[in-house]
Amino acid sequence: MATSDEASAAAGSAAFAARVSLWESLKGCGIFHKEIEKEELRRKIVMPKYLRVAMRTASTTRDVAAAAAAASSAVVGDEEPMVAPEAPLVVFVNSKSGGRHGPELKERLHELISEEQVFDLQTIQPPDFVEYGLACLEQMASQGDACAKDTREKLRIVVAGGDGTVGWVLGSLRELYESRRDSVPPTGIIPLGTGNDLSRTFGWGGSFPFAWRSAVKRLLNKAVVAPICRLDSWHLEVVMPEGEIKEKPYTLKQKNKEMDIEGEMPEKISCYGGVFYNYFSIGMDAQVAYGFHHLRNEKPYLAQGPVANKLIYAGYSCTQGWFCTPCAATPNLRGLKNILRLFIKRANCSEWEQIPIHPSVRSLVCLNLYNYGSGRHPWGDLNPEYLEKRGFVEAHADDGLLEIFGLKEGWHASFVMAEVIKAKHIAQAAAIKLELRGGQWNRAYLQMDGEPWRQPLTNDYSTFVEIKKMPFHSLMLNGEGS
């Protein structure tokens with residue numbers, strides 16, 4: 001059981017997060033920015049009615065042909081100019097995110113844009129929009145509709161949700177790369193989640209602003225002029241002895257094996273794959289996240305917003321053995337070195353290199369962004385001398401490298417998250433391979449972008465996890481540059 005000092009450390013980290021969220025909400029409320037008129041904003045972002053009706057119909061019916069009839073009926077009696085706006089926007093809103101703000105935000109978006117350009121993820125999913133909605137615009141463009149062609153090329157997307165929702169949309173847009181379709185729309189963010197690290201990284205803020213009605217209008221206008229920047233995406237593959245990962249995150253799907261494995265594997269295996277944009281981790285932090293998700297699902301009334309979530313998360317971590325528990329106390333609380341071997345490929349290198357793991361490390365994090373855990377910077381701003389000494393380069397979200405660091409006991413993690421000290425730097429890597437074998441452990445806890453799962457382990461055969469960069473970048477809108 002955690003002592004009062006340990007609980008205070010975790011609570012202090014949560015309180016720090018709450019203060020950061022408060023300041024970010026004040027900054028985002030709009031009082032420091034010039035207000036834009038509603039009609040002026042609509043002229044910039046609202047698509048001609050026949051196009052938005054066709055796009056919406058194709059997405060909801062999953063039928064591009066039906067959209068043509070809907071477009072024809074929308075043109076009759078329509079006095080809107082058939083010209084593409086400056087920056088046509090489509091907004092995905094997770095109405096279950098942000099506590100009570102989700103449904104209210106959707107209504108506000110209907111006022112500011114149009115109902116046809118706002119997609120509630122509870123009813124229309126991003127893959128359907130990409131496969132049918134965008135395909136509808138592309139088909140109309142191929143038939144000589146210059147307005148549809150211009151709209152498709154200028155299209156921008158805004159996601160109102162947390163990091164998981166943003167990742168879902170980015171993953172769906174990946175289909176455009178893979179099928180070599182038209183230009184990929186860049187993505188901006190209205191932060192509705194708990195951590196919002198993608199939103200922070202690209203200048204959209206870390207929390208939903210207090211004066212949100214005016215702030216939403218300002219954020220939509222920011223999406224019109226925001227410059228486009230790039231984000232690495234990373235493919236993760238898990239190869240394991242035949243079996244099932246129960247309660248796996250929706251981002252993790254069964255697939256055919258691609259990984260080259262050196263070592264003995266059973267005749268029958270199972271393989272899963274997924275993509276992440278922020279981080280992958282294994283160990284105690286993933287175990288706490290797994291328990292928190294279960295607690296929130298069992299008692300949803302406890303999680304009424306980002307601040308409440310962070311306080312519950314900190315309290316829950318105190319019960320899981322993070323704090324001041326010797327690594328050899330029990331098998332499930334030992335250091336990762338006992339079950340894990342880490343291999344990396346450095347930049348411009350084709351050979352795997354084994355990297356030692358310190359016995360005290362209980363969580364291993366592979367980080368793509370500057371922000372982690374609600375805006376913390378565990379990798380830190382490293383001076384040039386240290387970078388040169390360790391063979392590191394300055395970290396960026398599009399540099400083709402993951403920063404690998406370790407967290408020890410809970411007190412160490414708390415000081416890292418409070419930014420009193422830095423995490424334990426391990427390596428920078430262009431590709432990563434993990435080999436896990438159970439011993440006395442029959443499971444390990446893994447997560448990617450905050451979506452945890454319990455990974456079964458055996459003592460007879462190893463489980464392998466490989467992380468490789470995807471061959472293309474995701475496109476983001478840089479809110480700081482607008």
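From a predicted model like this one, the values you see are computed outputs, not experimental measurements.

A.B. asks: Give me the overall build of the protein: which residues, what numbers.
C.D. replies: In terms of regular secondary structure, the protein is built from 14 helices and 19 strands. Counting over 482 residues, the protein shows a buried share of 56%. Surface exposure of the protein reaches about 21100 Å², of which carbon and sulfur atoms provide 50%.

A.B. asks: Which residues make up a nonpolar patch on the surface, and what are the values?
C.D. replies: Taken together, Trp-411, Phe-415, Val-420 and Ile-421 make up a surface patch of nonpolar side chains, about 370 Å² in accessible area. Here Ile-421 shows up in the loop between α14 (410-417) and β14 (424-429).

A.B. asks: Which residues make up the sheet that holds strand β15 (residues 431-436), and what values go with them?
C.D. replies: Read from one edge of the open sheet, seven strands run β7-β8-β6-β18-β15-β10-β11, paired in antiparallel fashion. Only two strands of the sheet have a single neighbouring strand rather than two, namely β7 (253-254) and β11 (353-355).

A.B. asks: Which residues make up the sheet that holds β14, and what are the values?
C.D. replies: Pairing within the open sheet is antiparallel, and its six strands lie in the order β14-β13-β12-β9-β16-β17. Pairing within the sheet leaves two strands with one partner each, and these edge strands are β14 and β17 (451-456). Direction aside, neighbouring strands of the sheet carry axes that sit 20° apart on average. Examined bridge by bridge, strand β9 (residues 279-283) and strand β16 (residues 443-448) share three bridges and lie antiparallel to one another. Across the sheet, residue Phe-280 finds its bridge partner in β16, namely Met-448.

A.B. asks: Can you lay out the pattern of salt bridges for me, pointing to particular residues and giving the numbers?
C.D. replies: Under the criterion given, the structure shown has 20 salt bridges. Salt-bridge contacts for Lys-106 lead to Asp-120; the nearest nitrogen and oxygen are separated by 3.0 Å. Remark: Asp-120 occurs in strand β2 (residues 118-120) and Lys-106 occurs in helix α5 (residues 101-112); sequence separation between them is 14 residues. Ionic pairing is found between Glu-258 and Lys-255, a salt bridge with its closest N-O pair at 3.6 Å.

A.B. asks: Explain the side chain of His-425 to me, using residue names and the numbers behind them.
C.D. replies: One can find His-425 in strand β14. Engagement of the side chain of His-425 in a polar contact is seen with the side chain of Tyr-386, the distance being 2.9 Å. Every residue in contact with His-425, bar those within four places of it in the chain, is listed here: Pro-378, Trp-379, Leu-382, Tyr-386, Arg-390, Phe-392, Ile-404 and Phe-405.

A.B. asks: Can you break down unusual backbone geometry residue by residue, with the values?
C.D. replies: A positive phi is found at Arg-180, a non-glycine position, where the angle reads about 55°. For Asn-348, which is not glycine, the phi torsion reads 60° and is therefore positive. When you line up the elements, Asn-348 lands in the loop between β10 (340-345) and β11.

A.B. asks: Now, about the nonpolar core: what can you tell me, with residues and values included?
C.D. replies: Ranked by size, the top nonpolar core spans 72 residues in total, and within it Leu-105, Leu-109, Ile-113, Phe-129, Val-216, Leu-220 and Leu-231 carry the most contacts. Counting residues per element, this core draws most heavily on helix α6 (residues 126-142), which supplies eight residues. If sequence neighbours within four positions are ignored, Leu-220 has contacts with Leu-41, Leu-89, Val-91, Leu-109, Leu-112 and Ile-113. Tyr-272, Cys-366, Leu-457 and Ile-467 belong to the second largest nonpolar core, which has 36 residues in total.

A.B. asks: So what's going on with the pairing of strand β5 (residues 228-231)? Which residues, and what values?
C.D. replies: Of the two faces of β5, the one lined by Cys-229 and Leu-231 is fully buried and the one lined by Ile-228 and Arg-230 carries no buried residue. As defined by bridge partners, β5 adjoins strand β19 (residues 474-477) across four bridges and the pair is classed as antiparallel. Paired with Arg-230 across the two strands is Leu-475, which belongs to β19.

A.B. asks: Just give me the short version of the environment of Pro-227, but keep the residues and values in it.
C.D. replies: Here Pro-227 lies in the loop between α10 (212-225) and β5. Owing to a relative accessible area of 34%, Pro-227 belongs among the partly exposed residues under this scheme. The spatial distance from the C-alpha of Pro-227 to the C-alpha of Met-476 is 8.4 Å, given a sequence separation of 249 residues.

A.B. asks: Requested: an account of the confidence of the model for the protein, with residues and values cited.
C.D. replies: Confidence along the protein averages 84 in pLDDT terms, with 82% of residues attaining 70 or more. Between residues 28-32, whose pLDDT stays under 50, and residues either more than four places distant or in other chains, the model counts 10 contacts.

A.B. asks: Tell me about helix α8 (residues 163-178), and name the residues and values.
C.D. replies: Given 3.6 residues to a turn, an α-helix orients residues that are three or four positions apart in the same direction. End to end, α8 covers 23 Å across 16 residues, agreeing with the expected 22 Å (1.5 Å per residue, within 8%). Looking only at α8, the buried set comprises Asp-163, Thr-165, Val-166, Gly-167, Val-169, Leu-170, Ser-172, Leu-173, Arg-174 and Leu-176. Of the residues one or two after α8, Arg-180 is the one with positive phi, at around 55°.

A.B. asks: A description of helix α7 (residues 146-154) should follow, citing residues and the corresponding values.
C.D. replies: Of the residues making up α7, those classed as buried are Cys-147, Ala-148, Thr-151 and Arg-152. On an axial view of α7, the arc spanned by its buried residues comes to 130°, and they lie on one face. The inward-facing, buried residues of α7 contact α3 (49-61), α6 and α8. For α7, the capping residue at the N-terminal end is Asp-145, with a side-chain oxygen 3.0 Å from the backbone nitrogen of Cys-147.

Cut-off values and rules
- Residues numbered from 1 in each chain as written.
- Predicted model: local features only at pLDDT ≥ 70, side-chain atom pairs only at ≥ 80, totals over all residues.
- Heavy atoms only, no water.
- Helix = DSSP H or I, 4+ residues; strand = E, 2+ residues; numbered from the N terminus.
- Buried < 20%, exposed > 50% of the residue type's maximum accessible area, 1.4 Å probe, protein only.
- Areas by Shrake-Rupley, 256 points an atom, 1.4 Å probe, with all protein chains shown as cover.
- Patch = residues over 30% accessible without salt bridge, like charges linked within 9 Å, V, L, I, M, F, W, Y side chains within 5 Å.
- Salt bridge = Lys/Arg side-chain N within 4 Å of Asp/Glu carboxyl O.
- Pairing = 2+ DSSP bridges.
- Axes fitted to C-alpha atoms, helices over the stretch in contact; angles between N-to-C directions.
- Polar contact = N/O pair within 3.5 Å; in protein donor to acceptor, adjacent residues only side chain to side chain.
- Contact = heavy atoms within 4.5 Å.
- Core = buried A, V, L, I, M, F, W, Y, C linked by side-chain atoms within 4.5 Å.
- pLDDT = per-residue confidence, 0-100.
- Expected span 1.5 Å × (residues − 1).
- Arc of directions from axis to C-beta.

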